[in-house]
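A look at the structure
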Amino acid sequence: MDDSTCVVTKAAAAVVADTEATCLTLRDWGSFVLRSEDPDVKAAATLRAHALWESGVITDIGPVVEIDEPGRPSNVEILPPGKMPRRGFGSERGRAAMIHALVHVECVAIDLSWDIALRFERGDTLPRQFFSDWVRVAKEEATHYSLLRDRLREGYGMVYGDFPAHGGLWKDALATKDSLFGRLAIEHCVHEARGLDITRLQTIPKFERNGDAASADLLRIILRDEVTHTRDGCTWFKYLCVNDLGLVCDDPEGQASDKAGNSGSVSDVGADASEADVCAAVDSIAAKFHEVVQTYYRGKLKGPFSKQDRAAAGMPTSWYIPLSDQAGR
């Protein structure tokens, strides 16, 4: 998504401009974003950091930063997921509550995208592209946040903070803060992919059926980006499997997934490999995914699944169907 569609408030832009001289590395910018309580400042700073990184003005990644509790706006009440009031699409207030929930998700997604770039360091095993990818994802999440914030205000006359929000996404970030495998699998594969399912199969149709075509159209645009975000999670999970564990990549197109320039594909098993050997190579990364998800995620993955979006994101059914409530069907 072109970030020129993102409206940066004047107040947020002023705060970012005042801070720019002190942010000398990529992780300086990320630290500033995570510590900021104002979500508009988070979005504006992310857009500026991405521009500086992509243009080469900033080249130094900086030292590891661990921030367990990001800044949150004081006007947003955070509840446990089980305490959240039910949202219905049949009323205008119910539809506004859903847009508000999506605003909150995108705000947290900005922090999650920065946190993975700030927190994790693996010597020389993480190439520069890892950081570029997650800063790009953060930039796109900032754009989504801004567009949904504006839709909430212009379509429903409400602002972020008019409804409570839940803290489940960040809870899982803390649970995986010591494991890059865990973080990629849970936040950037399981949760991101579930977002694809719900957006495609539930949220967009419900907005359409209840007369809010504008919100449905906006979510279709956002969905395209979210497919690429899920692909980033899958790609970097495969990268770790190939480079850290020596597993053979099960990329459905047989292409390298390690982004460091090394080739990794089922074909690497060897020209004389038996069909059983090839199947074992394909299954190895899926088995690692199952192991990690079962370590950090309680319960079964819930369907229905948008298989078209998951396939476009590079997530084969062997990753999620065996872990789901559809296993064995």
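A brief structural summary.

Things to note about the packing of helix H2 (residues 26-35) against helix H3 (residues 39-55)
Look at H2 against H3: their axes get within 9 Å of each other, and the N-to-C directions meet at 170°. Here H2 is positioned roughly antiparallel relative to H3, judged by the angle of their axes. Taking contact as the criterion, the partners of Leu26, Trp29, Phe32, Val33 and Leu34 in H2 are, on H3, Val41, Lys42, Ala45, Thr46, Arg48, Ala49, Leu52 and Trp53.

Here we look at the pattern of salt bridges
Taken as a whole and judged by the stated rule, the model has 22 salt bridges. Note that aspartate 197 is salt-bridged to arginine 194, the shortest N-O span being 3.4 Å. Note that aspartate 197 and arginine 194 are positioned in helix H7 (residues 180-209) at a spacing of 3 residues, about one turn of the helix. The exposure class assigned to aspartate 197 is buried, which follows from its relative accessible area of 1%.

Structural notes on the packing of aromatic side chains
In the structure shown here, the tally under the stated rule is 11 aromatic pairs. Relative to tyrosine 160, the ring of tyrosine 145 has its centre 6.4 Å away and its plane inclined at 70°; by these criteria the two rings are edge-to-face. With tyrosine 145 in helix H5 (residues 128-156) and tyrosine 160 in the loop between H5 and strand S2 (165-166), this pair connects stretches of sequence that are 15 residues apart. Given the relative accessible area of 2%, tyrosine 145 is considered buried. Using a relative accessible area of 8% as the deciding quantity, one classes tyrosine 160 as buried. Taken together, a centroid distance of 5.5 Å and an interplanar angle of 80° make the contact between phenylalanine 181 and phenylalanine 237 edge-to-face. You can see phenylalanine 181 sitting in helix H7 and its partner phenylalanine 237 sitting in helix H8 (residues 213-245), a full 56 residues away along the chain.

Focus: the layout of surface pockets
Of the volumes computed, that of the second largest pocket is approximately 160 Å³. As for the second largest pocket, its lining consists of Asp38, Pro39, Asp40, Pro73, Asn75, Tyr145, Arg149, Arg153, Met158, Val159 and Tyr160. Top contributing element to the lining of the second largest pocket by residue count: H5, with 3 residues. Taken together, the residues of the lining of the second largest pocket break down into 6 nonpolar, 1 polar and 4 charged.

Structural notes on unusual backbone geometry
Cis peptide bonds are those with omega within 30 degrees of zero, and the linkage from glycine 303 to proline 304 qualifies with 0°. Checked against the element boundaries, proline 304 lands in the loop between helix H9 (275-296) and helix H10 (307-312).

Some points on the nonpolar core
Of all hydrophobic cores here, the largest spans 88 residues; its most connected members are Trp29, Trp114, Phe237, Phe289 and Trp319. At 14 residues, the largest contribution of residues to this core is made by helix H4 (residues 92-119). Not counting residues within four places of it along the chain, the set of residues in contact with phenylalanine 237 comprises Phe181, Leu184, Ala185, Ile285, Lys288, Phe289, Val292 and Trp319.

Section: the environment of histidine 188
Here histidine 188 is to be found in helix H7. Each C-alpha atom of the pair histidine 188 and threonine 230 lies 5.9 Å from the other, and the pair is 42 residues apart in sequence.

Here's the deal with the packing of H4 against H5
Two measures define how a pair of helices packs: the angle their axes make with one another and the distance between the axes. Where H4 contacts H5, the two axes come as close as 8 Å, and the packing angle between them is 160°. Here H4 is positioned roughly antiparallel relative to H5, judged by the angle of their axes. Our pair here, H4 against H5, has a crossing hand that is left-handed.

Observations concerning the side chain of aspartate 150
Within the element layout of this structure, aspartate 150 appears in helix H5. What makes aspartate 150 buried here is its relative accessible area of 8%. If near-sequence neighbours (up to four positions away) are discounted, aspartate 150 is found in contact with Val7 and Gly155.

Let's talk about H5
With 29 residues, H5 extends 42 Å from end C-alpha to end C-alpha; this agrees with the ideal 42 Å at 1.5 Å per step. Burial analysis of H5 places 23 of its 29 residues in the buried class, the great majority of the element. The positive-phi residue at the C-terminal boundary of H5 is glycine 157, with phi of around 70°.

Brief notes about H8
Its 33 residues place the ends of H8 47 Å apart at the C-alpha level, agreeing with the 48 Å of an ideal helix rising 1.5 Å per residue. Once H8 finishes, glycine 246 follows within two positions and takes phi at roughly 75°, a positive value.

Digging into the state of the cysteines
Applying the stated rule across the entire model yields 0 disulfides. The thiol sulfur of cysteine 189 is not disulfide-bonded, and the nearest other cysteine sulfur, from cysteine 234, lies at 4.0 Å.

The rules behind these values
- Residues numbered from 1 in each chain as written.
- Predicted model: local features only at pLDDT ≥ 70, side-chain atom pairs only at ≥ 80, totals over all residues.
- Heavy atoms only, no water.
- Axes fitted to C-alpha atoms, helices over the stretch in contact; angles between N-to-C directions.
- Helix = DSSP H or I, 4+ residues; strand = E, 2+ residues; numbered from the N terminus.
- Parallel < 35°, antiparallel > 145°, perpendicular 65-115°, else oblique.
- Contact = heavy atoms within 4.5 Å.
- Salt bridge = Lys/Arg side-chain N within 4 Å of Asp/Glu carboxyl O.
- Buried < 20%, exposed > 50% of the residue type's maximum accessible area, 1.4 Å probe, protein only.
- Phe/Tyr/Trp six-rings, centres within 6.5 Å; stacked < 30°, edge-to-face > 60°.
- 1 Å grid on protein atoms, 1.4 Å probe; cavity = no way out; pocket = protein on both sides within 12 Å on 5 of 7 lines; lining within 4 Å.
- Points joined across faces, edges and corners; volume = space filled by probe spheres on them.
- Nonpolar A, V, L, I, M, F, W, Y, C, P; charged D, E, K, R; others polar.
- Core = buried A, V, L, I, M, F, W, Y, C linked by side-chain atoms within 4.5 Å.
- Left-handed = near helix turned anticlockwise from the far one by under 90°.
- Expected span 1.5 Å × (residues − 1).
- Disulfide = S-S within 2.5 Å.

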